[in-house]
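Each chain is listed here by its residues.
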Amino acid sequence: MIRLERAFLFAMYNGNRMYEPEAADIERLVSWYRKNKRSFPWRDTKDPYHVWISEIMLQQTRTEAVISYFERFLKQVPDIETLSLIEDDDLNRLWEGLGYYSRARNLKKCAIKLMEEHGGRLPEDYEALLKLPGIGPYTAGAIMAIGFGRPYPAIDGNVLRVLARYFAIEDDIRQDATKNVITKSVEDYYRKTEPDQAFVKDLSQAFMDLGATVCIPNGAPRCDLCPLRENCQAYEQKLIEKIPYRSPLKQRKIIDRTLFIIRNGDRFLLRKREDKGLLAGLYEFSGVDEKLSAEKTKEYLAEKGYDVLHLKKLPDSKHVFSHIEWHMDAYEIKIGNWDIPLKENEILVNKKELQKLAIPSAFKTYIEYYALRESEDEI
Ligand code: SF4
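**Observations regarding the site of the ligand**
Okay, step 1: Surrounding the ligand, one finds Arg165, Val214, Cys215, Pro221, Cys223, Cys226, Arg229, Cys232, Tyr235 and Ile240.
Okay, step 2: Across the shell around the ligand, the residue classes break down as 8 nonpolar, no polar and 2 charged.

Take a look at the structure:
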């Protein structure tokens, strides 16, 4: 597939093929980026803290959706010290809607470690970054390259797709072996060319922008606009529909749930989830992990000591996490015995009090049903 007569170098390296991009293509890519780069608030800064926060938010979340979260977050948490001291509920509230709350928990854990061990700064050291909570090879590479201008690869899905196509690599890009080959191609490029800091910062972001706007994940790539087209092997060999290859993901586990939305006038009963596991420490409507009919729901609540006066079926809903799906039935429940003691993890809150709590977007259907959220400006 790789043709030696082209300008690519092709060699054996530790039993793997080794690929090197053409220096002229990379220069064209950076020039293209400098003319066409998308404007984002985290690009107006040289502060590695901003790069770190944006990269964590951008994992699993659309870039456009991150902008307002990023701006609001930095307004309230302008530096590492503030992040290390933030209350968990306030942090979760700032993160609400972004999902994958373990990212927020790890940000705080990491900030505490940075205060204790690194003088409140992100270390300019790839290996030291990798030892911090929530920072893996991609984020460490992005902080080094975009935050500090140091020549480290930041290989995300965009870079994998662009370079898999450019080199016409048909192997599964979910496999570490494929990722390693692509990572090595960027490392080798940096080692040979020793680019300056500005070039490194721009190249890392150029790959991201090319992957997001030209060599796109869904639909036909816009090869006519691509600065890499001249030597792109997938383009030349008409393989762009086959590459990148991704092996199918395992099927998600489906969990049936029944939610009990117990309300007393304008107040709602919520419970705090356990401190570890899915949606740790966040508030939710109470419920059980099984489908219950209206009759069974009444029986269940009666056994728990509730005097159910009225029960109304609410819309069903579904929420998809990375590995599981919740399929939820829900009932609005009015009870007659509000003197029943609340459990330690339960609270009864009105709409105003609820604004301060983080409610996962898994419950969006019911938050919207009761119009329980005010606009972001009011938070
Ligand atoms: S030429 Fe087409 S397939 Fe190749 S990198 Fe550019 S957009 Fe992607």
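That was the structure; now back to the text.
**Section: the environment of leucine 98**
Okay, step 1: Of note, leucine 98 is situated in the loop between α5 (88-95) and α6 (102-117).
Okay, step 2: Since its relative accessible area comes to 5%, leucine 98 is described here as buried.
Okay, step 3: Taking the C-alpha atoms as reference points, leucine 98 and valine 308, separated by 210 residues in sequence, lie 35 Å from one another.
Okay, step 4: Once residues within four sequence positions are removed from consideration, leucine 98 is found in contact with Met57, Thr61, Val66, Tyr69 and Arg103.

**Observations concerning the packing of helix α3 (residues 63-76) against α5**
Okay, step 1: Direction vectors running N to C along α3 and α5 enclose 155°, while the axes themselves pass 10 Å from each other. Classed by the angle they form, the pair α3 and α5 counts as roughly antiparallel. Taken together, the residues of α5 that come into contact with α3 (itself represented by Tyr69, Arg72, Phe73 and Gln76) are Leu91, Arg93, Leu94 and Trp95.
Okay, step 2: Partitioned by chemical class, the residues of the contact of α3 with α5 number 5 nonpolar, 1 polar and 2 charged.

**What to know about the nonpolar core**
Okay, step 1: Of all hydrophobic cores here, the largest spans 61 residues; its most connected members are Trp52, Phe73 and Leu83.
Okay, step 2: Viewed by domain, this core spans two of them, domain 1 (9-236) and domain 2 (253-378), each represented by three or more residues.
Okay, step 3: Apart from residues no more than four positions distant in its own chain, phenylalanine 73 is found in contact with Tyr49, Ile53, Met57, Leu83, Leu91, Leu94, Trp95 and Leu107.
Okay, step 4: Formed by 37 residues, the second largest nonpolar core is a distinct cluster that contains Ala145, Ile155, Ala168 and Val200.

**Some details on the pattern of salt bridges**
Okay, step 1: Taken as a whole and judged by the stated rule, the model has 26 salt bridges.
Okay, step 2: Between arginine 271 and glutamate 284 there is a salt bridge, with its nearest N and O atoms 2.8 Å apart. Remark: glutamate 284 occurs in strand β5 (residues 283-284) and arginine 271 occurs in strand β4 (residues 267-272); sequence separation between them is 13 residues.
Okay, step 3: Assessed through its relative accessible area of 21%, arginine 271 is described here as partly exposed.

**Here's the deal with the domain arrangement of the protein chain**
Okay, step 1: One can read the domain layout of the protein chain as domain 1 (9-236) and domain 2 (253-378).
Okay, step 2: Contacts between the two partners involve 8 residues from domain 1 and, on the opposite side, 18 residues from domain 2.
Okay, step 3: It is Asp89, Arg93 and Tyr101 in domain 1 that bury the most area against domain 2; as a group they hold 45% of the surface buried on that side.
Okay, step 4: Along the contact surface separating domain 1 from domain 2 lie 1 salt bridge.
Okay, step 5: Here aspartate 89 makes a salt bridge to lysine 272, at a shortest N to O gap of 3.5 Å.
Okay, step 6: Where domain 1 packs against domain 2, one counts 3 residue pairs in polar contact (both at pLDDT 80 or more).
Okay, step 7: Tallying contributions element by element places α5 first for the side of domain 1 that touches domain 2, with 3 residues.
Okay, step 8: Here the side of domain 1 that touches domain 2 is composed, by residue class, of 2 nonpolar, 1 polar and 5 charged.

**Concerning the packing of aromatic side chains**
Okay, step 1: Under the criterion given, the structure shown has 14 aromatic pairs.
Okay, step 2: Each ring, one from tyrosine 166 and one from phenylalanine 167, has its centre 5.2 Å from the other, and the planes form 70°; the classification is edge-to-face. As far as burial versus exposure is concerned, tyrosine 166 and phenylalanine 167 are alike and both buried.
Okay, step 3: When the centroid spacing of 5.0 Å and the interplanar angle of 75° are considered together, the rings of phenylalanine 321 and tryptophan 326 count as edge-to-face. By the burial criterion, phenylalanine 321 is buried, and tryptophan 326 matches it.
Okay, step 4: Put simply, the rings of Phe285, Phe321, Trp326 and Phe363 pair up and form one aromatic cluster.
Okay, step 5: The aromatic ring of tryptophan 326 is capped on one face by arginine 257, whose charged end is 4.2 Å from the ring centroid.
Okay, step 6: Over the ring of tyrosine 331 we find lysine 313, and its NZ or CZ is 5.4 Å from the ring centre.

**Some remarks on unusual backbone geometry**
Okay, step 1: Along the chain, isoleucine 243 connects to proline 244 via a cis peptide bond; the corresponding omega equals 5°.
Okay, step 2: Its location among the elements puts proline 244 in the loop between α12 (233-236) and β3 (253-264).
Okay, step 3: Residue tyrosine 100 is not a glycine yet carries a positive backbone phi of 45°.
Okay, step 4: As for its position among the elements, tyrosine 100 is in the loop between α5 and α6.
Okay, step 5: Although it is not a glycine, glutamate 194 sits at a positive phi angle of roughly 45°.

**A short note on α3**
Okay, step 1: Under the 1.5 Å per step criterion, the end-to-end length of α3 is 20 Å for 14 residues, consistent within 8% with the ideal 20 Å.
Okay, step 2: Those residues of α3 lying buried are Thr63, Val66, Tyr69, Phe70, Arg72, Phe73 and Leu74.
Okay, step 3: On the buried face of α3, the contacting elements are α2 (48-58), α4 (80-85), α5 and α6.

**Topic: α2**
Okay, step 1: Of all 11 residues in α2, 10 are buried, a share of seventy percent or more.
Okay, step 2: Within α2 the residues assigned to the buried category are Pro48, Tyr49, His50, Val51, Trp52, Ile53, Ser54, Glu55, Ile56 and Met57.
Okay, step 3: Next to the buried residues of α2 lie α3, α4, α5, α6, α8 (137-148) and α11 (197-213).
Okay, step 4: Of the residues flanking the start of α2, the one acting as N-cap is aspartate 47, its side-chain oxygen 2.8 Å from the backbone nitrogen of tyrosine 49.
Okay, step 5: Taken from the residues just after α2, glutamine 60 is the one with a positive phi, measuring 70°.

The rules behind these values
Residues numbered from 1 in each chain as written. Predicted model: local features only at pLDDT ≥ 70, side-chain atom pairs only at ≥ 80, totals over all residues. Heavy atoms only, no water. Near = heavy atom within 4 Å. Nonpolar A, V, L, I, M, F, W, Y, C, P; charged D, E, K, R; others polar. Helix = DSSP H or I, 4+ residues; strand = E, 2+ residues; numbered from the N terminus. Buried < 20%, exposed > 50% of the residue type's maximum accessible area, 1.4 Å probe, protein only. Contact = heavy atoms within 4.5 Å. Axes fitted to C-alpha atoms, helices over the stretch in contact; angles between N-to-C directions. Parallel < 35°, antiparallel > 145°, perpendicular 65-115°, else oblique. Core = buried A, V, L, I, M, F, W, Y, C linked by side-chain atoms within 4.5 Å. Domains from an automatic or database assignment. Salt bridge = Lys/Arg side-chain N within 4 Å of Asp/Glu carboxyl O. Buried area = accessible area lost by both parts, 1.4 Å probe. Polar contact = N/O pair within 3.5 Å; in protein donor to acceptor, adjacent residues only side chain to side chain. Phe/Tyr/Trp six-rings, centres within 6.5 Å; stacked < 30°, edge-to-face > 60°. Lys NZ or Arg CZ within 6 Å of the ring centre and 35° of its normal. Expected span 1.5 Å × (residues − 1).

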